[in-house]
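# Summary of the model geometry
Okay, here's what each chain looks like letter by letter:
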Amino acid sequence: MPDSVSPSPHQLRALAHPARLRMLGLLRVNGPQTASSLAQQLGLNTGATSYHLRQLAQHGFIEDDPDRAGGRERWWRARHTSTSVDAEEVATPEERDQVEAYLQTVVTIYQQQLQRAVEERPLLPAQWRRASTFSDFHHRMTPEHAQELTAKLEDWLSGLPEDDDPGAERFVVQINAFPYPGAIAPGDDLPEEE
């Protein structure tokens, strides 16, 4: 399975629906599943789930799992491990709107994951509570320095090997890096470096 997909703004339209984005995430994290199993996890009916799965397949994000073909139920698998979007590479206002709708959905999903993590935290073993953090760090920096920081964090995290230890569990690291809301007036572009 390829590591990442960089979808077109048109393809992003399929991911701008929270149920579809959650389905894709479950297929990436938990492996191949049926519409029935996804419906149960998401609290949806199987008809709606099947529709959303067909939309994801039509836009190239998922496919039939060939290892489970021919059975009574249709099994789906993710085609990529992650989605990468360069919001600055869009040409038209319509494409920009599609990217922004996708990003709004991503933030909604992240917020739901954070909420569940906080709710489940008291139930975790002590070593997992100590390994978790809900922190933010505020630093003054230039756009160039900020871009360098996020690139280094992403490179470092994407290069971490999976632990083979039986005690290893799926651990989520979300990177949300942005100028402090309200600190920069819209349209305040700094001169480009030559």
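Residues numbered from 1 in each chain as written. Predicted model: local features only at pLDDT ≥ 70, side-chain atom pairs only at ≥ 80, totals over all residues. Heavy atoms only, no water.

On to the pairing of strand S4 (residues 75-78). Alternating residues of S4 divide into Trp76 and Ala78, all buried, and Trp75 and Arg77, none buried. As paired elements, strand S2 (residues 33-34) and S4 share two bridges and run antiparallel to each other. Residue pairing for S4: Gln33 is matched across the bridge by Trp76. Where strand S3 (residues 62-64) and S4 come together, three bridges link them in antiparallel fashion. Looking across to S4, one finds that Glu63 is bridged to Arg77. (Buried < 20%, exposed > 50% of the residue type's maximum accessible area, 1.4 Å probe, protein only. Helix = DSSP H or I, 4+ residues; strand = E, 2+ residues; numbered from the N terminus. Pairing = 2+ DSSP bridges.)

This paragraph deals with the pattern of salt bridges. Taken as a whole and judged by the stated rule, the model has seven salt bridges. For Arg68, the salt bridge is made with Asp65, and the minimal N-O distance between the two is 2.7 Å. A relative accessible area of 37% places Arg68 in the partly exposed class. Notably, a salt bridge pairs Glu148 with Lys152, separated by 3.0 Å at the nearest N-O pair. (Salt bridge = Lys/Arg side-chain N within 4 Å of Asp/Glu carboxyl O.)

Moving on, we come to a negative patch on the surface. On the surface, a cluster of negative charge is made up of Asp86, Glu88, Glu89, Asp97 and Glu100. As for its placement among the helices and strands, Asp97 is situated in helix H5 (residues 93-120). (Patch = residues over 30% accessible without salt bridge, like charges linked within 9 Å, V, L, I, M, F, W, Y side chains within 5 Å. Areas by Shrake-Rupley, 256 points an atom, 1.4 Å probe, with all protein chains shown as cover. Lys, Arg positive; Asp, Glu negative; His and termini not counted. Charge placed at Lys NZ, Arg CZ, Asp CG, Glu CD.)

Further remarks concern the nonpolar core. Residues Leu15, Leu53, Phe61 and Ile62 are the most contacted members of the largest nonpolar core, which totals 24 residues. Elements that contribute at least two residues to this core include exactly helix H1 (9-15), helix H2 (18-30), helix H3 (35-42), helix H4 (46-58), S4 and H5. Considering each element in turn, this core owes the most residues, six residues, to H2. (Core = buried A, V, L, I, M, F, W, Y, C linked by side-chain atoms within 4.5 Å.)

Attention now moves to the UniProt feature "domain: HTH arsR-type" (unreviewed entry) in the chain. Mapped onto the present numbering, the UniProt feature "domain: HTH arsR-type" (unreviewed entry) falls at residues 10-108. Helix and strand shares over residues 10-108 are 57% and 11% respectively, and the end C-alpha atoms of the span are 20 Å apart. (UniProt positions renumbered as here; feature names shortened; annotations may be inferred.)

Our next topic: the sheet that holds S2. Read from one edge to the other, the open sheet built from three strands follows the order S2-S4-S3, with strand pairing classed as antiparallel. Looking at which strands have only one partner, the edges of the open sheet turn out to be S2 and S3.

Attention now moves to the side chain of Arg20. One can find Arg20 in helix H2. One polar contact links Arg20 to His52, side chain to side chain, over a distance of 3.0 Å. Beyond its immediate stretch of four places on either side in the chain, Arg20 contacts Arg13, Ala14, Tyr51, His52, Gln55 and Leu56. (Polar contact = N/O pair within 3.5 Å; in protein donor to acceptor, adjacent residues only side chain to side chain. Contact = heavy atoms within 4.5 Å.)

So, about the packing of H2 against H3. Contact geometry of H2 with H3 gives a least axis separation of 11 Å together with a crossing angle of 115°. In terms of orientation, H2 and H3 fall into the roughly perpendicular class. Remark: the crossing between H2 and H3 carries right-handed chirality. Each of Ala19, Arg22, Met23, Leu26, Leu27 and Asn30 in H2 lies in contact with H3, whose residues at this interface are Leu38, Gln41 and Leu42. Residues that form the contact of H2 with H3 fall into these classes: six nonpolar, two polar and one charged. (Axes fitted to C-alpha atoms, helices over the stretch in contact; angles between N-to-C directions. Parallel < 35°, antiparallel > 145°, perpendicular 65-115°, else oblique. Left-handed = near helix turned anticlockwise from the far one by under 90°. Nonpolar A, V, L, I, M, F, W, Y, C, P; charged D, E, K, R; others polar.)

Looking now at the side chain of Gln33. As for its placement among the helices and strands, Gln33 is situated in strand S2. Under the relative-accessibility criterion, Gln33 is labelled buried at 8%. A polar contact of 2.4 Å, which involves the side chain of Gln33, links it to the side chain of Gln41. With sequence-adjacent residues up to four places away left out, Gln33 is seen in contact with Leu26, Leu27, Leu38, Gln41, Arg74, Trp75 and Trp76.

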